Structure formats: C-alpha cells, structure tokens
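Spelled out from the first residue to the last, the chains are:
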Amino acid sequence: LIIITGLLTAGTVLQTFMLESGFDEQSTSYFEAFIMVVQSASMLLFSGFVERKSNIKGLLAKSVIFANLILLPMLLFCFNRNIKGVVVFAVMCIFAFVSKISLGIENVAIYKLPYQILDMGKYGKVIALSSICGGICATVFSYVIMSVNKTLGFFEGMKYILICGIVFSVV
C-alpha cells in the first residue's frame, strides 16, 4: 500500500496533476525541485530523531498518513475545478511541504523497522517477496490509473483513484 500511495504522491502522477491543473512545465519543475529539497532535508534533519525512537511502527504509521496528506487538496481540486492559479499552487506547496517532511521521516523509519519486526536471518527472503508483490501491485495500479483516466478523463478519474489512495493510506 505504501508503494501504491507513493505512485500518487510523487513523480509522474503528481507532475501530471500539476500540468493538468494548468501549470506550465517550469512551474511544475520548480514544484518538484521544492518538494525534493524538503524531503532530502527532512531525511537529514530527522534521522537522529528517528534513531532515538523506540516505537518505530507507530512513528512509521503516523508518517505514512502525513506523507499522503497531499492527496487531500488533489482530491479537492478534482471536485472543484473553479479554484485556479496561485491558490492551487500555494495550497499544493503547503501540503507538499508537510507531506515531504513526513515522507523523509518515513524513509528513515522504514530502514529501522525490519530490526524490530523480523528475524534478520529471513530479511532477504522477506524483502524479495515484498519487492515482487509491491512491484506487481504498482504495475497493476498504474494500469488502473491509466484505464480509469482514459475512460473518465483525468480529473474525473482521479477522484476515484485519489479516494482509493486515501483509503490505502489509512489502511
């Protein structure tokens, strides 16, 4: 589920959302650069904090939810297409800022988690199976996104996709 929601909150889907919302390539590139800097800085700044935490599962669960907060304004803007320009860009930047700080924490915590929940002798097998399953799920979900958007149009299709993403985040 983390991999699937990651498809929605980064990279191609987020960039397409910005472009379809009317932003030019330069603004979209600035937005992407901004969120990458925030995420990288977050990983650097909060790595010590994460390392000192004993309840990594709880921290990871919270960081996943907050990392996916960006889905909320995306969903709002799918339902209300009358909001345009600077307001959309500002709201997306604010939510992306919080989301990418949380994603940075998530990225650090996810490396510490296996030591708390796995017999490390089985780590390779578990990661291999997890990667295979995650890759298959991501591929299927990417196809679903493409099919739904082709059938319904981008914003109408994204309403359903983003609702699924929000549900997946909570689950």
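Up top you'll find the structure we're talking about.
Residues numbered from 1 in each chain as written. Predicted model: local features only at pLDDT ≥ 70, side-chain atom pairs only at ≥ 80, totals over all residues. Heavy atoms only, no water.

K.L.:
Please provide a residue-by-residue account of the environment of I145, values included.
P.N.:
Summarising the element assignment, I145 is placed in helix α7 (residues 123–152). Considering only alpha carbons, one finds I145 and I161, 16 residues apart in sequence, at a separation of 6.7 Å. Setting aside its immediate chain neighbours within four residues, I145 contacts L8, V13, M158 and I161. (Helix = DSSP H or I, 4+ residues; strand = E, 2+ residues; numbered from the N terminus. Contact = heavy atoms within 4.5 Å.)

K.L.:
If you had to explain the pattern of salt bridges to someone new, which residues and values would you point to?
P.N.:
All told, the structure shown has one salt bridge when counted by the stated rule. Notably, a salt bridge pairs E156 with K159, separated by 2.9 Å at the nearest N-O pair. On the criterion of helical spacing, the pair formed by E156 and K159 is a turn pair, its members being three residues apart in helix α8 (residues 154–170). With a relative accessible area of 32%, E156 lands in the partly exposed category. (Salt bridge = Lys/Arg side-chain N within 4 Å of Asp/Glu carboxyl O. Buried < 20%, exposed > 50% of the residue type's maximum accessible area, 1.4 Å probe, protein only.)

K.L.:
How would you sum up the side chain of T28? Please name residues and give values.
P.N.:
Along the chain, T28 turns up in helix α3 (residues 25–52). Given a relative accessible area of 5%, T28 falls into the buried group. Those residues in contact with T28 that lie beyond four places of it in its chain are Q15, M18, L19 and F23.

K.L.:
Before we move on, can you summarise helix α4 (residues 56–67) with the specific residues and values?
P.N.:
In this model, α4 (twelve residues) spans 16 Å end to end at C-alpha, consistent with the 16 Å of a helix rising 1.5 Å per residue. Residues of α4 that are buried include every one of I56, G58, L59, L60, S63, V64 and A67, and no others. (Expected span 1.5 Å × (residues − 1).)

K.L.:
Any details on the side chain of S102? Residues and values, ideally.
P.N.:
As for its placement among the helices and strands, S102 is situated in helix α6 (residues 85–117). Residues contacting S102, with those up to four places away along its chain left out, are S63, F66 and A67.

K.L.:
Describe the packing of helix α1 (residues 2–9) against α7, listing the residues and the values that go with them.
P.N.:
For the pair α1 and α7, the least separation of the axes is 9 Å and the interaxial angle reads 40°. Put simply, α1 runs oblique to α7. Seen along the crossing, α1 lies across α7 with a hand that is right-handed. Mapping the contact onto sequence places I3, I4, L7 and L8 in α1 and G134, C137, A138, F141, S142 and I145 in α7. Grouping the amino acids of the contact of α1 with α7 by side-chain chemistry returns eight nonpolar, two polar and no charged. (Axes fitted to C-alpha atoms, helices over the stretch in contact; angles between N-to-C directions. Parallel < 35°, antiparallel > 145°, perpendicular 65-115°, else oblique. Left-handed = near helix turned anticlockwise from the far one by under 90°. Nonpolar A, V, L, I, M, F, W, Y, C, P; charged D, E, K, R; others polar.)

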